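Chain by chain, the residues:
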Protein chains: 2
Amino acid sequence: MNVTNLACLKCGRWHAPGAPVSVCAAPGCGGLLEVEYDYAGIAGAVDRDALAADSAQTIWRYAPLLPVTAGGPRPPLAVGGTPLYRATRLSTELGIPDLWIKDDGLNPTGSLKDRASAVAVAQALEAGHTTVACASTGNAASSLAGNAASVGLRSVIFVPARAPAGKLTQLLVFGAHVVSVEGSYAEAFGLSEVAIAEHGWYNRNAAINPYLVEGKKTVAYEVAEALGWKAPDWVAVSVGDGCTLAGVYKGFKDLVQLGWLDRMPRLLGVQAEGCAPIYTALKAGRPLVPTAENTLADSIAVGSPRNPDKAMRAIRESHGAMVAVSDADILDSIRLLGRTTGVFGEPAGAAGLAGLRQAYRCGLANPKERAVVLVTGNGLKDIVNGTKAGGGPIRIPPDREALRRALAEAGLD
Amino acid sequence: MNVTNLACLKCGRWHAPGAPVSVCAAPGCGGLLEVEYDYAGIAGAVDRDALAADSAQTIWRYAPLLPVTAGGPRPPLAVGGTPLYRATRLSTELGIPDLWIKDDGLNPTGSLKDRASAVAVAQALEAGHTTVACASTGNAASSLAGNAASVGLRSVIFVPARAPAGKLTQLLVFGAHVVSVEGSYAEAFGLSEVAIAEHGWYNRNAAINPYLVEGKKTVAYEVAEALGWKAPDWVAVSVGDGCTLAGVYKGFKDLVQLGWLDRMPRLLGVQAEGCAPIYTALKAGRPLVPTAENTLADSIAVGSPRNPDKAMRAIRESHGAMVAVSDADILDSIRLLGRTTGVFGEPAGAAGLAGLRQAYRCGLANPKERAVVLVTGNGLKDIVNGTKAGGGPIRIPPDREALRRALAEAGLD
């Protein structure tokens, strides 16, 4: 393992790697931790040519840059290696010639979160845990349940009782023990922390666990490698609790530190207008104030984000920007993405594209620059909102004359 | 293009490649056509080592064995290259030591049908078509719409009006023109044939188009290559209209003809008890009789299959078998697959596993043999039935004492 220490982002103190997964233990601090590596050692042992010769297409191709022991146990699901498409037709439509789409919805359980959960499960196996746990109704939970199932770890998932049945389906099919708490998400989260502490389970609650960002960062590695180790100008990603944005930043930062990438791309964080606490705090230059969660993009509907510091640092240090987009923009971008690229994103997945369009409209970004949009989750995760995005059919009675008329009216002749 | 001819499976007549996509044109015949290649020429030009050195992981790595012109236009979606997992935990549970799962639900639009639609779209582009069309509410349609969208071809999809809105979502997001016919599936199919003939659109109605099987066969190539070009003993796949089974057979047959594979695996075709016309015909040794469509596995709910001849030949010539499984078995296999492998299959996707279990129960297959199950579609395509498969959560009020009791009762301590 090439991890040298866990650095506190608040007080700067270093903690030994392998310390219990948590926030900074210095008295009165509680800051978020960041995993640091022996970059010189890694650069001496691995290089980009060696990577190019490796035919394995999962995140484990980057194992020397992950917080796992060489040759240690790893879950078998094919996480990572998702396609990066040059979006020629979308480019033409938007007047952005050099636009790319990373479809992370093609991960095994349908979202980018598989990257974090695969690392979590690998760590849990290494440490001899038999149970992994988190509080979530969304992609964090389903990715944890799926990766745990693939190796026979028990997963315990805490959800608020209001979570719709469909959201629990993946969890239950993966054999997770789902604890449905008749209360708020905060209450479910609180009880998960109690149970995790009491039973010594592996804690996959994001932000508190500094290793999850390490899994997520692999998406940045893949983008950089697919683009021939040339940084794009912009990378757009939707933002809920801030961990994914933090992961993308960390990935590019690692590559710059290794000398594998010339520079950090500018990161564009995208929140939904109805739930934009990080956007609002950054814009006002004030501490974060929790907000309501009024957006259909449930994967980024986080009114009290747990990782705003890492997210805001990612924007600042990459000279990036945050934007907020309306739900209507998000639905429009689902359809735009689908009909021009054949990629179906969930609302939070298409929000990155909505944000990029907004950044051009506002003059934040130059349309001649190279931009990458991360589609963070599969549209099949949310058929209800996909249906809102998708328009309607042409209805005809079963006869040839009606067919002819309808096709002519629709311009299909 | 290495295609030499289209051979009629009924009268044996040869047709020139590039002939209009259809059944045998010999007077009074109308038999299904099969695409044949210059295998000696291919074996002289390509070998397995060259394939191993090719880092491209999509179906196009097998382009010399596909009915497309070298260097011709191809849709960009990353079709194929899906993972083949050794299912260690499932093996232990079932007492089948050498069991593998091919997760074809990780194709871009979520099913194995992407393989056929990608070939269809490549052919349509080569031939200068601007519109592709089919009648379907399922995976054939969504894969066609997605692949067409990726290159800007127009897609026209005919569906019966009873198709649930959720099934149309992917189509509409991909910008397909969906023609909803107030009538039966047969009427929608009939009108699609009228419109296709009238407007000269590319016809992606399976069975009638002999090239679709050619796309599907790539799943067999991938299995063989991943297993080091050693044929497994059994390959289990669910069967609706028979085209997928026919494709799997064709793939292995190609490899045997090329000398790349020592033998043909035995194919296990799996139908649902409530809709098993091919199973019934094969068992009785009688011509096929259309049946009702009483199964929740909608992707194989085909009472009047259009490709029974190719499917039955695949079973016969591979010395394979057909089985029929209950819907309860299918739901049980969804959960079994999920909790032991982390793979979530749609009902037709998990039916292959249900069929394999049945084959062992009946003594058709020997549990010591190597078996591969093809999971043909992603479980996210059918959350409703996934929910039926998945069991329920543990419900608790938001307090610590209740938590403790519930975890103890569930054995989670």
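Caption draft 1: Highlighting the interface of chain B and chain A. Between chain B and chain A, the contact holds 71 residues from the first and 71 residues from the second. Carbon and sulfur atoms make up 66% of the surface buried where chain B meets chain A, a total of about 6000 Å² over both sides. In terms of surface lost to chain A, no three residues of chain B exceed V173, L380 and L412 of chain B, which account for 11% of the buried area on that side. In this structure, the connection of chain B to chain A is made through 22 residue pairs in polar contact (both at pLDDT 80 or more). Its residues assigned to classes, the side of chain B that touches chain A shows 35 nonpolar, 23 polar and 13 charged.

Caption draft 2: Local environment of the sheet that holds strand β5 (residues 99-103) of chain A. Residue and element names in this part refer to chain A. The strand order β4-β5-β13-β10-β11-β12 describes an open sheet built from six strands, whose pairing is mixed. Two strands bound the open sheet, and with one partner strand each, they are β4 (84-86) and β12 (321-325). Looking at each pair of strands side by side, their axes are set apart by 25 degrees on average, direction ignored. Across five bridges, the pairing between strand β10 (residues 234-238) and strand β11 (residues 266-272) is parallel.

Caption draft 3: Broad picture of the packing of aromatic side chains. Under the definition given, this model contains eight aromatic pairs over all chains. Both rings, one in F174 of chain A and one in F344 of chain B, keep their centres 6.4 Å apart while their planes meet at 75 degrees; by these two values the pair is edge-to-face. Of the two residues, F174 of chain A sits in the loop between α6 (165-173) and β8 (177-181) while F344 of chain B sits in the loop between α13 (327-341) and α14 (347-361), which places them in two different chains. R61 of chain A extends its terminal NZ or CZ atom over the ring of Y62 of chain A, reaching a point 5.7 Å from the ring centre. The ring of F189 of chain A has R306 of chain A lying over it, and the distance from NZ or CZ to the ring centre is 3.7 Å.

Caption draft 4: A look at the packing of α13 of chain B against α14 of chain B. Residues and elements named next belong to chain B. Between α13 and α14, the least distance of the axes is 8 Å, while the angle of their chain directions is 100 degrees. Our classification of the angle between α13 and α14 gives roughly perpendicular. Side by side, α13 and α14 meet where D329, I330, D332, S333, I334, L336 and L337 of the first sit next to P347, A350, A351, L353, A354, R357, Q358 and R361 of the second.

Caption draft 5: Molecular detail of the relation of the copies chain B and chain A. The operation relating chain B to chain A is a screw motion whose rotation component is 180 degrees, with 0.0 Å of axial translation and a residual RMSD of 0.0 Å. A rotation of that kind, with that shift, is consistent with a two-fold axis. Counting the interface residues of chain B, we find that 100% of their copies in chain A are interface residues as well, pointing to one common contact surface.

Caption draft 6: Expanded view of the sheet that holds strand β6 (residues 131-135) of chain B. Reading across the sheet, the five strands line up as β14(A)-β8(B)-β7(B)-β6(B)-β9(B) and stay open at both edges, with parallel pairing between neighbours. Strands with a single pairing partner mark the edges of an open sheet, and in this sheet they are β14 (394-396) of chain A together with β9 (202-203) of chain B. In terms of strand pairing, β6 of chain B meets β9 of chain B through two bridges, oriented parallel. Looking across to β9 of chain B, one finds that A133 of chain B is bridged to N203 of chain B.

Caption draft 7: Here's a closer look at the nonpolar core. Formed by 247 residues in total, the largest nonpolar core has its most connected members in F252 of chain A together with F252 of chain B. Apart from the residues lying within four places of it in its own chain, the contact partners of F252 of chain A are A220, V223, A224, V235, L261, M264, P265 and L267 of chain A. In terms of nonpolar packing, the next biggest core, distinct from the first, is built from 20 residues, F158, V179, V181 and W201 of chain B among them.

Caption draft 8: A look at the confidence of the model for chain A. For chain A, the mean per-residue pLDDT works out to 94, and 99% of the residues sit at or above 70. Overall fold confidence (pTM) sits at 0.96, and the ipTM for the predicted complex is 0.95.

Caption draft 9: The arrangement of the pattern of salt bridges in detail. This structure, assessed with the given rule, holds 40 salt bridges over all chains. With a closest N to O distance of 2.8 Å, R370 of chain A and D98 of chain A form a salt bridge. Highlighted residues: R370 of chain A in the loop between α14 (347-361) and β13 (371-375) and D98 of chain A in the loop between α3 (88-94) and β5, separated in sequence by 272 residues. Where R404 of chain A meets E198 of chain B, a salt bridge forms, and the shortest distance between an N and an O atom there is 2.8 Å.

Parameters and conventions
- Residues numbered from 1 in each chain as written.
- Chains lettered and ligands numbered in written order.
- Predicted model: local features only at pLDDT ≥ 70, side-chain atom pairs only at ≥ 80, totals over all residues.
- Heavy atoms only, no water.
- Contact = heavy atoms within 4.5 Å.
- Buried area = accessible area lost by both parts, 1.4 Å probe.
- Polar contact = N/O pair within 3.5 Å; in protein donor to acceptor, adjacent residues only side chain to side chain.
- Nonpolar A, V, L, I, M, F, W, Y, C, P; charged D, E, K, R; others polar.
- Pairing = 2+ DSSP bridges.
- Helix = DSSP H or I, 4+ residues; strand = E, 2+ residues; numbered from the N terminus.
- Axes fitted to C-alpha atoms, helices over the stretch in contact; angles between N-to-C directions.
- Phe/Tyr/Trp six-rings, centres within 6.5 Å; stacked < 30°, edge-to-face > 60°.
- Lys NZ or Arg CZ within 6 Å of the ring centre and 35° of its normal.
- Parallel < 35°, antiparallel > 145°, perpendicular 65-115°, else oblique.
- Least-squares fit on C-alpha atoms with pLDDT ≥ 70 in both.
- Core = buried A, V, L, I, M, F, W, Y, C linked by side-chain atoms within 4.5 Å.
- Buried < 20%, exposed > 50% of the residue type's maximum accessible area, 1.4 Å probe, protein only.
- pLDDT = per-residue confidence, 0-100.
- Salt bridge = Lys/Arg side-chain N within 4 Å of Asp/Glu carboxyl O.

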